[in-house]
Amino acid sequence: MGTPDTTREPCPDRIIDDMGGAFGMGITGGSVYHFIRGIYNSPAGARLSGGAEYVRMNVPKLGGSFAVWGGLFSTMDCAMVYARQKEDPWNSIIAGAATGGLLSLRQGFRASGRAALFGGAILALIQGVQLAKDKVASAAQQQQVFMGEAASLPPAQVYGQSVPVPETSSASEAGSGSWFGGLFGKGKQKGSEDKSGSKTQVLESFDAPPVPTYEFN
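Note that the coordinates shown come from a computational prediction; the quantities given were computed from them, not determined experimentally.

A. Quick peek at the overall build of the protein chain. Each helix and strand in the protein chain was counted, giving 7 helices and 0 strands. Across the protein chain, helices and strands are ordered from the amino to the carboxyl terminus as α-α-α-α-α-α-α. Of all 217 residues assigned to the protein chain, the portion counted as buried reaches 19%. A total of about 16600 Å² of accessible surface is found on the protein chain, and carbon and sulfur atoms cover 64% of it.

In structure tokens:
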């Protein structure tokens, strides 16, 4: 079975969830649309009451139509999931085509076929936009992970170069180019040279004891 869509409810609960969402969408959008339409078509002095009357007469029916479409679409989607044993964009595309065709079946087979093609095309467009958005989000997340790993590495390793081995303390002291190290380092070197020379002089000036002889007169 394919990877389930974690952004939606499981299949039995998905039908109720989509019906409620579609009903709310129809009520919200229909209220705005029919209220503006009622204000425009009402005479002066009764525009607000006319807009409210348009909402009262048309919005419940529009919300019910949206709820029927959402419930039928989710039912077809769940049927495709159980029939194909996987979740992918094709389930939604086929469910959209089947929903449009069934809702227009009373108008004839030709109208039903056109509605099925239209519903499938709309769902294919929606799924394509969703896939493109998921791909962009995944690429951005991978780039953030790469930048985080690169920030924790030394600059030489980021560009594929070898990291230089730090010198020892003795070598750095001997080759220090600062005025402080040059001022006191030379004195240390001269002191060590003088000490080594004095040791050599002491050893050279030391007289060996005479070798004893065993001759008796």
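Past the structure itself, the notes keep going.
B. The pattern of salt bridges, seen in detail. As enumerated under the stated definition, the model contains 4 salt bridges in all. A salt bridge links Arg-14 to Glu-87; its shortest N-O distance comes to 3.5 Å. Separated by 73 residues along the polypeptide, Arg-14 in helix α1 (residues 11-41) and Glu-87 in the loop between α2 (47-84) and α3 (89-103) bring together distant segments of the chain. Asp-88 is the partner of Arg-84 in a salt bridge, and the nearest nitrogen-oxygen pair spans 2.6 Å. Counted as one network, the salt bridges with shared partners bring together Arg-14, Asp-77 and Glu-87.

C. Highlighting the confidence of the model for the protein chain. Chain-level statistics for the protein chain give a pLDDT mean of 75 and a share of 65% at 70 or above. With pLDDT under 50 throughout, residues 168-188 is counted as low confidence; its partners more than four residues away or in other chains account for 4 contacts. When the criterion is pLDDT under 50, residues 195-206 qualifies, and its contacts beyond four places in sequence or with other chains add up to 0 contacts.

D. Structural context of a nonpolar patch on the surface. Judged by side-chain polarity, Val-32, Phe-35, Ile-36 and Leu-48 come together as a nonpolar surface patch covering roughly 390 Å² of accessible area. The element contributing the most residues to the nonpolar patch is α1, with 3 residues. Structurally, Ile-36 is set in helix α1.

E. Seen up close, the side chain of Ser-112. One can find Ser-112 in helix α4 (residues 109-151). In this structure, Ser-112 is in contact with Gly-101, Ser-104 and Leu-105, ignoring residues within four places of it in sequence.

F. Structural view of α3. Across its 15 residues, α3 extends 22 Å between first and last C-alpha, which sits within 8% of the 21 Å expected from 1.5 Å per residue. Of the residues making up α3, those classed as buried are Asn-91, Ser-92, Ile-93, Ala-95, Gly-96, Thr-99, Gly-100 and Gly-101.

G. Seen up close, α2. In this model α2 runs 53 Å from its N-terminal to its C-terminal C-alpha over 38 residues, within 8% of the 56 Å that 1.5 Å per residue would give. Downstream of α2 by a residue or two, Gln-85 has a phi angle that is positive, lying close to 60°.

H. Seen up close, the environment of Phe-35. Tracing the backbone shows Phe-35 in helix α1. As for Phe-35 and Val-55, which are separated by 20 residues in sequence, their C-alpha atoms are 5.7 Å apart. Ignoring anything within four residues of it in the chain, the contact list for Phe-35 reads Gly-30, Leu-48, Gly-51, Ala-52 and Val-55.

So, how was this worked out
- Within any chain, residue numbers begin from 1 and follow the written order of that chain's sequence.
- Where totals are concerned, whole chains, interfaces and linings use all residues; where local detail is concerned, this predicted model gives features only for residues with pLDDT of at least 70, and gives and counts side-chain atom pairs only at 80 or more.
- The basis for every side-chain value is the complete set of non-hydrogen atoms in the structure, without hydrogens or water.
- Labels follow the DSSP assignment, with helices taken as runs of H or I lasting at least four residues and strands as runs of E lasting at least two, numbered in each case from the N terminus.
- Remark: exposure states derive from per-residue accessible area (1.4 Å probe, protein chains only) relative to the maximum for the residue type, with buried under 20%, exposed over 50%, and partly exposed in between.
- Here the Shrake-Rupley method, with its probe set to 1.4 Å, supplies the accessible areas, and only the displayed protein chains count as covering residues.
- Just to be clear on terms, a salt bridge is a Lys or Arg side-chain nitrogen sitting within 4 Å of an Asp or Glu carboxyl oxygen.
- Predictor confidence is given residue by residue as pLDDT, running from a minimum of 0 to a maximum of 100.
- Note on definitions: a residue-residue contact is assigned when non-hydrogen atoms from the two residues lie within 4.5 Å.
- Candidate patch residues must exceed 30% relative accessible area and have no salt bridge, after which like charges are joined if within 9 Å and Val, Leu, Ile, Met, Phe, Trp or Tyr side chains if within 5 Å.
- Multiplying one less than the number of residues by 1.5 Å gives the expected span of a helix.

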